[in-house]
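Close look at the chain arrangement
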Amino acid sequence: QVQLVESGGGLVQPGGSLRLSCAASGSIFSIRAMYWYRQAPGKQRELVAGITRGGSTNSSDSVKGRFTISRDNTKNTVYLQMNGLKPEDTAVYYCKADILQTESAALMGYWGQGTQVTVSS
């Protein structure tokens, strides 16, 4: 059993900052890549940023220069630092992790339950 729990969402004014966290727990041998996705009302879920176990990152053009993904492998946690928030960043943010539950198991993707981020004055 694996659980991913997000925290840090909320209401913020345009130009403000938030830091999201997502902690994985349970039966985990190794966590490979970790990701943040978001889904705005009436839109498809989109990839915001990803990070490998070694720390290589990528992010969507819409958040480049404003959002930073990072991780702490000792805590099985991924973070998303969001600066310069805009109303169009309003969405439910989900974390995803590619996890091996045992050394010989297949790599599986697990999702968190989501955390709401609302950017409004």
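What comes next concerns the included structure. Please read these numbers as outputs of a predicted model, since none were measured by experiment.

1. Quick notes on the pairing of strand 5 (residues 46-51)
Here strand 4 (residues 30-39) pairs with strand 5 via five bridges, running antiparallel. When the bridges of strand 5 are listed, Tyr37 appears paired with Leu47. Where strand 4 folds back on strand 5, the antiparallel hairpin that results is connected by six residues, among which Gly42 adopts a positive phi of roughly 75 degrees. In terms of strand pairing, strand 5 meets strand 6 (residues 57-59) through three bridges, oriented antiparallel. Bridging from a neighbouring strand, Ala49 pairs with Ser59 of strand 6. Taken together, strand 5 and the strand that follows it, strand 6, pair antiparallel across an intervening segment of five residues, in which Gly55 is found at a positive phi of about 105 degrees.

2. Some words on the nonpolar core
Counting 29 residues, the largest nonpolar core has Leu4, Trp36, Leu80, Met82 and Tyr93 as its most contacted members. The set of elements that each furnish at least two residues to this core consists of strand 1 (2-7), strand 3 (18-26), strand 4, strand 5, strand 7 (67-72), strand 8 (77-82), strand 9 (91-100) and strand 11 (115-119). By residue number, the principal contributor to this core is strand 9, which donates five residues.

3. Brief notes about the environment of Met82
Note on placement: Met82 falls in strand 8. Leaving out residues up to four positions away in the same chain, Met82 has contacts with Gly16, Ser17, Leu18, Leu20, Arg66, Phe67, Tyr93 and Val117.

4. So, the environment of Ile69
Tracing the chain through its elements places Ile69 in strand 7. Here Ile69 falls in the buried class, since its relative accessible area comes to 9%. Along the chain, Ile69 and Pro14 lie 55 residues apart, while their C-alpha atoms are 20 Å from each other.

The rules behind each value
- Residues numbered from 1 in each chain as written.
- Predicted model: local features only at pLDDT ≥ 70, side-chain atom pairs only at ≥ 80, totals over all residues.
- Heavy atoms only, no water.
- Pairing = 2+ DSSP bridges.
- Helix = DSSP H or I, 4+ residues; strand = E, 2+ residues; numbered from the N terminus.
- Core = buried A, V, L, I, M, F, W, Y, C linked by side-chain atoms within 4.5 Å.
- Buried < 20%, exposed > 50% of the residue type's maximum accessible area, 1.4 Å probe, protein only.
- Contact = heavy atoms within 4.5 Å.

It is worth stressing that arrangement in space is one thing and function is another; only the former is reported here.
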